[in-house]
Structure formats: structure tokens, C-alpha cells
Amino acid sequence: MVKANNSPWRDAPANTDSTTGSGLRVAIVHARWNTVIIDQLVAGAKKNLLAAGVLEENITVQTVPGSYELPLAVQRLYAASQLQANSSVQGISATDLLSSPTAEVTGSANAASPKKPFDAIIAIGVLIKGATMHFEYIADAVSHGLMRVQLDAGVPVIFGLLTVLTEEQGLERAGLGNSGMHNHGEDWGSAAVELGLKRRDWA
Ligand code: DLZ
């Protein structure tokens, strides 16, 4: 079955060329609940980042236990990338900085050369409604948290949080269901490229 893509991102001008995103640095932070759906969403986001020319080496993927942890992870990851870019210390990875943001790190096995801050961060999680109010509280907190980080930091935070009533609804939105719905992760990859580029124009 051909997947219908009714997304408003599908014709986004920034993603029409395979080199458009070649100068961008993008992070994906995802939760580890509902991994079948999550893995597909992350793959979709990566697919469209790469298709828009974002280099594999400029895509950072990190995980957190659950969606509730997404806002802090996005905030710290972005701060670490800023620190990394500003640091005169060579050979510090974002992971080093996350674990020791103020320390003088003298390099490590996974060290990367200093890079610029992330142009956009995609936060991905899947919340499935249960029998209690848990879903409502987490969905509300994460939505507001991600918006706060986005506005406080001035970096595009792509909202990749599915808040679904059933697992089937989640599978559908990851392109894994029977309805022919496309993978929403692809939209988020495209949105990250478009917003990453627009943010530079808005600077
Ligand atoms: C606890 C919990 C529950 C019940 N459901 C989900 C879910 O559907 N999706 C998700 O991403 N995380 C869930 N979590 C975990 C919370 O997000 C969080 O990781 C824990 O409460 C620890 O802070």
C-alpha cells in the first residue's frame, strides 16, 4: 500500500535539495518506552535528515529512560554543544561535557573535534494512555518543558512526542499500521532542517 503523506512538511522548501542541510548539526533525543514505535520514528527522522544533506557525523542520537526526561536532556545537550563550541579545549565530546559540564576534560576515547552548537534538536517519545492520570501529567509536563527549552535557548526543538490512546495509534503514526499513514518521524527530520536553516536567517 502506498503511504499517504498529508503532512504540511512534505513540500517544505528547505528540503527539496539533497545538500540543503549539509551545514547543519542536529540532535535526536528519544525515550526508551514503546521501542518498536520509537525505533521507527527515529529511523524516519534520520532518513529525512540524511536525505536533506545533513551529514551522518553531524547527527547525534541520545536516549533517556522515558518521555518525562526529554526536556532536561534537550536542555543539557544543547548547553553542552554550546560549551563545546566555545571551549578552547580540544577533543571534548558532548557526552564528556554532559557528564562534566564545567570540568577541564583532556580528551577521551570517544572524543570528537570541537563542533558548533546544534541547529535543531528533535525530541521523540511515545506516551500511551493507561488507566490512570499518568499520561495526562507527563504529556502536559513534557509539552510545556520542551516549549520552554526551545524559547529559553532559542534553538528549534522539534516536538516528536506522540500522545496516543492505544498502541495501534502509535504504530499507525510510525508508518507501521494498516491505515497507510506515513511515518511522522520523517516530518520531524524535515522540520529540523527547515527550522535549523530558518533560525540562521532569523539570527
Ligand atoms: C512511567 C511511564 C509510563 C507509565 N508510561 C510511559 C510511556 O507511555 N511513555 C514514556 O515515554 N514514558 C513512560 N513512563 C516513564 C516516564 O516518562 C519517566 O521515565 C518515569 O516516570 C521516570 O521519571
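Everything here concerns the structure above.
Residues numbered from 1 in each chain as written. Predicted model: local features only at pLDDT ≥ 70, side-chain atom pairs only at ≥ 80, totals over all residues. Heavy atoms only, no water.

A. Layout of the packing of helix 2 (residues 70-86) against helix 4 (residues 134-153). Put simply, helix 2 and helix 4 touch, their axes get as near as 8 Å, and they point 20 degrees apart. The angle between the axes of helix 2 and helix 4 places the two elements in the roughly parallel class. For the element pair helix 2 and helix 4, the recorded crossing hand is right-handed. Where helix 2 abuts helix 4, its residues Leu70, Pro71, Val74, Gln75 and Tyr78 lie against Val142, Gly145, Leu146, Val149 and Ala153. (Axes fitted to C-alpha atoms, helices over the stretch in contact; angles between N-to-C directions. Helix = DSSP H or I, 4+ residues; strand = E, 2+ residues; numbered from the N terminus. Parallel < 35°, antiparallel > 145°, perpendicular 65-115°, else oblique. Left-handed = near helix turned anticlockwise from the far one by under 90°. Contact = heavy atoms within 4.5 Å.)

B. Representation of the site of the ligand within the structure. The environment of the ligand is formed by Ala31, Trp33, Asn34, Gly66, Ser67, Tyr68, Glu69, Val126, Leu127, Ile128, His134 and Ile138. Within the backbone of Val126, a nitrogen or oxygen atom sits 2.8 Å from a nitrogen atom of the ligand. Within the backbone of Ile128, an N or O atom sits 3.3 Å from an oxygen atom of the ligand. When the ligand is considered free in solution it has 480 Å² of accessible area, and contact with the protein chains removes 71% of it. Of all the secondary-structure elements, those providing two or more residues to the shell around the ligand are strand 3 (120-128) and helix 4. Here the element with the most residues in the shell around the ligand is strand 3; it accounts for 3 residues. Taken together, the residues of the shell around the ligand sort by class into 7 nonpolar, 4 polar and 1 charged. (Near = heavy atom within 4 Å. Polar contact = N/O pair within 3.5 Å; in protein donor to acceptor, adjacent residues only side chain to side chain. Areas by Shrake-Rupley, 256 points an atom, 1.4 Å probe, with all protein chains shown as cover. Nonpolar A, V, L, I, M, F, W, Y, C, P; charged D, E, K, R; others polar.)

C. Broad picture of the sheet that holds strand 4 (residues 157-164). Ordered in space as 2-1-3-4, the 4 strands form an open sheet in which the pairing is parallel. At either margin of the open sheet sits one strand with a lone partner, and together these are strand 2 (59-64) and strand 4. With direction set aside, neighbouring strand axes in the sheet form an average angle of 15 degrees. Across the sheet, helix 1 (residues 35-51) is in contact with strand 1 (26-31), strand 2, strand 3 and strand 4; its angle to strand 3 comes to roughly 155 degrees. Lying over the sheet, helix 2 contacts strand 1, strand 2, strand 3 and strand 4, oriented at roughly 155 degrees with respect to strand 1. (Pairing = 2+ DSSP bridges.)

D. Spatial organisation of the nonpolar core. Core analysis: the largest hydrophobic core is formed by 26 residues, its most contacted members being Ile28, Leu41, Leu49, Ile122 and Ile124. For this core, the secondary structure elements donating two or more residues are strand 1, helix 1, strand 3, strand 4 and helix 6 (184-202). No other element matches helix 1, which puts 6 residues into this core. Contact partners of Ile28, with chain neighbours within four places excluded, come to Val42, Ala45, Lys46, Leu49, Ile59, Thr60, Val61, Gln62, Ile122 and Ile124. Among the nonpolar cores identified, the runner-up in size contains 22 residues, and Ala27, Leu70, Phe135 and Val157 belong to it. (Core = buried A, V, L, I, M, F, W, Y, C linked by side-chain atoms within 4.5 Å. Buried < 20%, exposed > 50% of the residue type's maximum accessible area, 1.4 Å probe, protein only.)

The values reported here are purely geometric and, on their own, carry no functional implication.
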